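Residue-level structure breakdown
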Amino acid sequence: MKLNITGHETIVAPELKKYIETKSNKLCKHYKKIVQIDVIIETGKKTDKKTAIAKATVQVPGPDIIASAEAKTTFAAVDELERKLIRQIEKLKAAHDPKISSITKGKNMLKKILRIESR
């Protein structure tokens, strides 16, 4: 797997690069077929609040997975980005594996039933 980390109008600190590398390794544990991950870190101001934006494109066989996250700090943005990517990877795995797909359908059906009964 290849990992590209770039900063858009900002310099990415070595600590942040290491942090992103550990998070990308977690993604690889969830899905072995990842070819490349491109991460872009942005910092900026939005209505007098400093924000950090982390964007990622994960190249896998088939359509690419794209996610973006915004938070007060860059580390928090990377954490949120990781959560979003894991959710999308789990959906991708469920779509390709009929066993996982049926389990996910069963869980969703159970959630709907529990919501209806709690009303």
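Check the entry above for the structure.
In short, a report on the structure. Quick caveat, the model's predicted, so the values are computed rather than measured.

What counts, and at which threshold
Residues numbered from 1 in each chain as written. Predicted model: local features only at pLDDT ≥ 70, side-chain atom pairs only at ≥ 80, totals over all residues. Heavy atoms only, no water. Helix = DSSP H or I, 4+ residues; strand = E, 2+ residues; numbered from the N terminus. Contact = heavy atoms within 4.5 Å. Expected span 1.5 Å × (residues − 1). Buried < 20%, exposed > 50% of the residue type's maximum accessible area, 1.4 Å probe, protein only. Phe/Tyr/Trp six-rings, centres within 6.5 Å; stacked < 30°, edge-to-face > 60°. Patch = residues over 30% accessible without salt bridge, like charges linked within 9 Å, V, L, I, M, F, W, Y side chains within 5 Å. Areas by Shrake-Rupley, 256 points an atom, 1.4 Å probe, with all protein chains shown as cover. Salt bridge = Lys/Arg side-chain N within 4 Å of Asp/Glu carboxyl O. Lys, Arg positive; Asp, Glu negative; His and termini not counted. Charge placed at Lys NZ, Arg CZ, Asp CG, Glu CD. Polar contact = N/O pair within 3.5 Å; in protein donor to acceptor, adjacent residues only side chain to side chain. Axes fitted to C-alpha atoms, helices over the stretch in contact; angles between N-to-C directions. Parallel < 35°, antiparallel > 145°, perpendicular 65-115°, else oblique. Left-handed = near helix turned anticlockwise from the far one by under 90°. Nonpolar A, V, L, I, M, F, W, Y, C, P; charged D, E, K, R; others polar.

Our focus in this paragraph is the side chain of glutamate 82. Within the fold, glutamate 82 resides in helix 2 (residues 74-96). Those residues within four positions of glutamate 82 in sequence are excluded, and the remaining contacts are Lys23, Lys26 and Leu27.

For glutamate 9, which is not a glycine, the phi torsion comes out positive at approximately 60°. Tracing the backbone shows glutamate 9 in the loop between strand 1 (2-8) and helix 1 (14-30).

Counted at 1.5 Å a residue, the expected span for helix 2 with its 23 residues is 33 Å, and the 33 Å between its end C-alpha atoms agrees. All of the buried residues along helix 2 are Ala77, Val78, Asp79, Leu81, Glu82, Leu85, Ile86, Ile89, Leu92 and Ala94.

Geometrically, a pair of aromatic rings is defined through the distance of the ring centres and the angle of the planes. As enumerated under the stated definition, the model contains 1 aromatic pair in all. Taking 5.0 Å as the distance between ring centres and 70° as the angle between the ring planes, the aromatic pair formed by tyrosine 19 and phenylalanine 75 counts as edge-to-face. Linking tyrosine 19 in helix 1 with phenylalanine 75 in helix 2, this pair joins segments that are 56 residues apart in sequence.

The next subject is a positive patch on the surface. On the surface, Lys107, Lys111, Lys112 and Arg115 cluster together into a positively charged patch. Relative to the helices and strands, lysine 111 is located in helix 3 (residues 98-118).

Turning to its location among the elements, aspartate 79 is positioned in helix 2. Here lysine 23 takes part through its side chain, which lies 3.2 Å from a polar atom of the side chain of aspartate 79. Discounting residues that sit within four places of it in the chain, aspartate 79 has contacts with Tyr19 and Lys23.

Right, let's get into the packing of helix 1 against helix 2. The geometry of helix 1 relative to helix 2 is characterised by a closest axis approach of 10 Å and an angle of 15° between their N-to-C directions. Relative to helix 2, helix 1 is oriented roughly parallel. For helix 1 against helix 2, the interelement crossing comes out right-handed. Residues Glu15, Leu16, Tyr19, Ile20, Lys23, Lys26, Leu27 and His30 of helix 1 touch helix 2, and the partners they reach there are Thr74, Phe75, Val78, Asp79, Glu82, Leu85, Ile86, Ile89, Glu90 and Lys93. Residue classes in the contact of helix 1 with helix 2 are distributed as 9 nonpolar, 2 polar and 7 charged.

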